[in-house]
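Analysis of the macromolecular model
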Amino acid sequence: AACVWSYRAGVDVEINSVEDSVGVHLATSLHSVGLAVDLDTVGDIAADTRALGDFLRLWLPVGYDVVLEGDHVHVEADAHRRPFASVDTPEPVNLV
């Protein structure tokens, strides 16, 4: 999804962090098990980084959290987030 945004926006995206050791991130971070990534835009323009985060929030499937953390976008697989439940739509009522 980041590549699609990059192509559409004409702004390069760089990966800042993927599988870092616990010393780099908090002990509870999903980076250490490869379930998180930090992304940034080349040029460090805040509006571009926000736009990247907004795009990822819309386009990544359920199960991913996207958080703007200051100068980068943090994306992680969220094991606690459940997919949307399907709801049966009742038949329309004819009021005529």
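Quick look at the sheet that holds strand S1 (residues 13–17)
Pairing is antiparallel in the open sheet, where four strands are placed in the order S1-S2-S4-S3. In this open sheet, the two strands that pair with only one neighbour each are S1 and strand S3 (64–69). When the angles between neighbouring strand axes are averaged without regard to direction, this sheet yields 30°. Pairing geometry for S1 and strand S2 (residues 36–41), over four bridges, is antiparallel. Pairing of Ile15 across the sheet is with Leu39, part of S2.

A word on helix H1 (residues 2–9)
Within H1, the full set of buried residues consists of Ala2, Trp5 and Ser6. Angular distribution of buried residues about the axis of H1 spans 100°; they occupy a single face of the element. More than 90 degrees from the buried face of H1, the exposed residues found are Cys3, Tyr7 and Arg8.

Examining unusual backbone geometry
One non-glycine residue with positive phi stands out, namely Asp44, at about 50°. As for its placement among the helices and strands, Asp44 is situated in the loop between S2 and helix H2 (46–59). Given a relative accessible area of 54%, Asp44 falls into the exposed group.

Calculation criteria
- Residues numbered from 1 in each chain as written.
- Predicted model: local features only at pLDDT ≥ 70, side-chain atom pairs only at ≥ 80, totals over all residues.
- Heavy atoms only, no water.
- Pairing = 2+ DSSP bridges.
- Helix = DSSP H or I, 4+ residues; strand = E, 2+ residues; numbered from the N terminus.
- Axes fitted to C-alpha atoms, helices over the stretch in contact; angles between N-to-C directions.
- Buried < 20%, exposed > 50% of the residue type's maximum accessible area, 1.4 Å probe, protein only.
- Arc of directions from axis to C-beta.

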